Amino acid sequence: MPDSAAGHQVAADGPVRVVFGPGVRETAADEMRRLGATRALVLTTPQQEAEGREIADRMGTRAAGLFTAAAMHTPVEVTEDALDRLRALGADCIVAIGGGSTTGLGKALAYRTDLPQVVIPTTYAGSEATPILGQTEDGVKTTLSDPKVLPETILYDPEMVLTLPVAMTVTSGLNAMAHAAEALYSPDRTDESDRLAVEGLQAFVTGLPAVVAAPGDVAARAATQRGAWACGTVLGRVGMALHHKLCHTLGGAFGLPHAETHAIILPHAIAYNARSAAAELRPICTLLGGEQAGPALHRFAAGLGAPLALRDLGLEEADLDRAADLATTKPYPNPHPVTRGDIRALLQAAWAGDEPIR
């Protein structure tokens, strides 16, 4: 990965140009120029409007306007509003600044228009590195994979995550780790996907505690961004299983926050699948210690102060039966058989914050 003239590091991952380094967000206009684009719609959530406006100001005339209503789980109605704004401005490019919500909106727009995307991540979720789009309509979240939703350029600037609160850093990092954990037992895994998965897990196992100890450590933040890229890239290359089905169900049907839900479900889903894929999950034990991957992840999450119980996210115990029904309808391919009774028990443990059921 050679250093560029500006001191940034550039990686080529198939059709994606990936640039790492402090201050790289300031090159968004240059990246647009590489893509032959002249007018960008800049996307953010309401909470990150100030960051979006600052970057848009640096882009000068290449920023056609802002849309600041990106929302969790990519609601179709929000996408339609953004599409109207994009067309009204005559934009020929999308610049997304934020986490999974903003990246998802950018992908949804690209899916409908095939416009190029420049993404500046502010979390570790890794969605920017995948050709996968999840959208929610009428309370149901569905996913698709299409090459045209894969961003053309990703700018990983550690200065953009320096102020990410520790709690959000932890849940976002665990969300990314979930992609790598499930990649280890994917039926279409390869040596390369295994390498990326372990690389991503290693980056977070060492990097997250360092960031928690010193949130302003630029080097630690940069290391975890490399983990986000590895975990996100592997997500786009192999199929996911039970963990992601559960999280999509809980997010789409009950409105639970994305990263926190992934953080809570991860140890439980991995413990469930270790019944049939213990050998494949051995790298997690090697990195975290112990003989069981699920409990090892649970201990790691607890040590970081991560949320451990779905009830703390507002899910009612009375919702667990419906959640189990939805999660076992059209289940994703999974290494261990998925039964309604077993999933109901898993959800009960996750709701209460109990140790994962082995």
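Described below are features of the structure shown in this document. All residue numbers refer to positions counted from 1 along the written sequence of the respective chain. At least 70 in pLDDT is required for a residue's local features to be given in this predicted model, at least 80 for side-chain atom pairs to be given and counted, and no such filter applies to totals for whole chains, interfaces and linings, which use all residues. Side-chain figures throughout are based on the complete set of non-hydrogen atoms in the structure, without hydrogens or water.

Along the chain, the regular secondary structure elements total 13 helices and 9 strands. Over its C-alpha trace the chain gives a radius of gyration of 19 Å, about what one expects of a compact globule, namely 21 Å for 358 residues. Across its three principal axes, the chain shows a C-alpha extent of roughly 55 × 40 × 35 Å. For the chain, with 358 residues in total, the buried portion stands at 57%. Residue contacts follow a heavy-atom distance rule, with two residues in contact if any of their heavy atoms lie within 4.5 Å. Residue pairs in contact within the chain that sit at least 24 positions apart in sequence constitute 72% of those at least 6 positions apart. When the accessible surface of the chain is split by element, carbon and sulfur atoms take 52% of a total near 13,600 Å². Counted as positive: Lys and Arg. Counted as negative: Asp and Glu, with His and the chain ends omitted from the count. In plain terms, the charge of a residue is placed at NZ if it is Lys, CZ if Arg, CG if Asp and CD if Glu. Taken together, the 29 basic and 41 acidic charged side chains of the chain have centroids lying 2 Å from each other. The helix count covers DSSP runs of H or I at least four residues long, the strand count covers runs of E at least two residues long, and both are numbered beginning at the N terminus. For the radius of gyration, the atoms used are the C-alpha atoms, and the globule rule reads 2.2 Å times the number of residues raised to 0.38. Exposure classes here rest on a 1.4 Å probe applied to the protein chains alone. A residue is buried below 20% of its type maximum, exposed above 50%, and partly exposed in between. Computed with the Shrake-Rupley method and a 1.4 Å probe, the accessible areas treat only the protein chains shown as cover for residues.

Once that is clear, we can look at the side chain of threonine 136. Turning to its location among the elements, threonine 136 is positioned in strand E7 (residues 132-137). Relative accessible area serves as the criterion here: at 12%, threonine 136 is assigned to the buried category. A polar contact is formed between the side chain of threonine 136 and the backbone oxygen of histidine 73, at a distance of 2.9 Å. Residues contacting threonine 136, with those up to four places away along its chain left out, are His73, Thr74, Pro75, Val76, Lys141 and Gly252. Pairing of N or O atoms within 3.5 Å defines a polar contact, subject to two protein rules: one partner must be a possible hydrogen donor and the other a possible acceptor, and residues neighboring in sequence count only if both atoms are side-chain atoms.

The next point concerns unusual backbone geometry. Even without a glycine there, the phi angle at histidine 73 is positive, about 65 degrees. With respect to the helices, strands and loops of the structure, histidine 73 is situated in the loop between strand E4 (63-67) and helix H3 (76-89). The backbone of aspartate 114 sits at a positive phi, close to 60 degrees, despite the residue not being glycine. Mapped onto the elements of the fold, aspartate 114 is located in the loop between helix H4 (100-113) and strand E6 (117-121). According to the relative accessible area criterion, aspartate 114 is partly exposed, its value standing at 49%.

Aromatic ring pairs are defined here through the distance separating the ring centres and the angle between the ring planes. Paired rings are identified among Phe, Tyr and Trp, the last through its six-membered ring, by centres lying within 6.5 Å, and are further divided according to the angle between planes into stacked (under 30 degrees), edge-to-face (over 60) and tilted (the rest). Overall, the coordinates contain 3 aromatic pairs when judged by the stated rule. Between phenylalanine 20 and tyrosine 156, the aromatic rings sit 5.1 Å apart at their centres with planes inclined by 10 degrees, giving stacked as the arrangement. With phenylalanine 20 in strand E2 (residues 16-20) and tyrosine 156 in strand E9 (residues 153-156), the pair connects residues that are 136 residues apart, well separated along the chain. What makes phenylalanine 20 buried here is its relative accessible area of 4%. Considering the side-chain rings of tyrosine 124 and phenylalanine 204, the 6.0 Å spacing of their centres and the 85 degrees angle between planes classify their relative orientation as edge-to-face.

What makes a patch is a set of residues exposed beyond 30% relative accessible area and free of salt bridges, joined within 9 Å when like-charged and within 5 Å when nonpolar (Val, Leu, Ile, Met, Phe, Trp, Tyr). Salt bridges are counted wherever a side-chain nitrogen of Lys or Arg sits within 4 Å of a carboxyl oxygen of Asp or Glu. Residues Glu77, Glu80, Asp81, Asp84, Glu137 and Asp138 make up a contiguous surface patch of negative charge. You can see glutamate 137 is positioned in strand E7.

Let us look at the state of the cysteines. In plain terms, two cysteine sulfur atoms within 2.5 Å form what is called a disulfide here. Enumeration over the complete set of coordinates arrives at 0 disulfides. Between cysteine 285, a cysteine without a disulfide, and cysteine 231, which holds the nearest cysteine sulfur, the sulfur-to-sulfur distance is 17 Å.

Another point: the packing of helix H8 (residues 242-254) against helix H12 (residues 320-327). All axes here are fitted lines through C-alpha atoms, helices being fitted over the stretch that makes contact, and every angle between N-to-C directions spans 0 to 180 degrees. Two elements in contact, H8 and H12, have axes separated by 9 Å at closest approach and are oriented at 125 degrees. Between H8 and H12, the angle is such that the two are oblique. Relative to H12, the crossing made by H8 is right-handed. Here Lys245, Leu246, Thr249, Leu250, Ala253 and Phe254 of H8 lie close against H12, whose contacting residues are Arg322, Ala323, Leu326 and Ala327. Across the contact of H8 with H12, the residue classes break down as 7 nonpolar, 1 polar and 2 charged. Note on terminology: angles under 35 degrees are roughly parallel, angles over 145 are roughly antiparallel, angles of 65 to 115 are roughly perpendicular, and the others are oblique. The hand of a helix crossing depends on one turn: near helix anticlockwise from the far one by less than a right angle means left-handed, and clockwise means right-handed. We call Asp, Glu, Lys and Arg charged. Ala, Val, Leu, Ile, Met, Phe, Trp, Tyr, Cys and Pro are nonpolar, and the rest, Gly among them, are polar.

Here we take up the environment of glutamine 225. Here glutamine 225 is to be found in helix H7 (residues 218-235). The class of glutamine 225 is buried, set by a relative accessible area of 2%. Along the sequence, glutamine 225 and glutamine 202 sit 23 residues apart, while their C-alpha atoms lie 12 Å from each other. Beyond its immediate sequence surroundings of up to four residues, glutamine 225 is in contact with Phe20, Pro121, Tyr124, Tyr156, Asp157, Pro158 and Val161.

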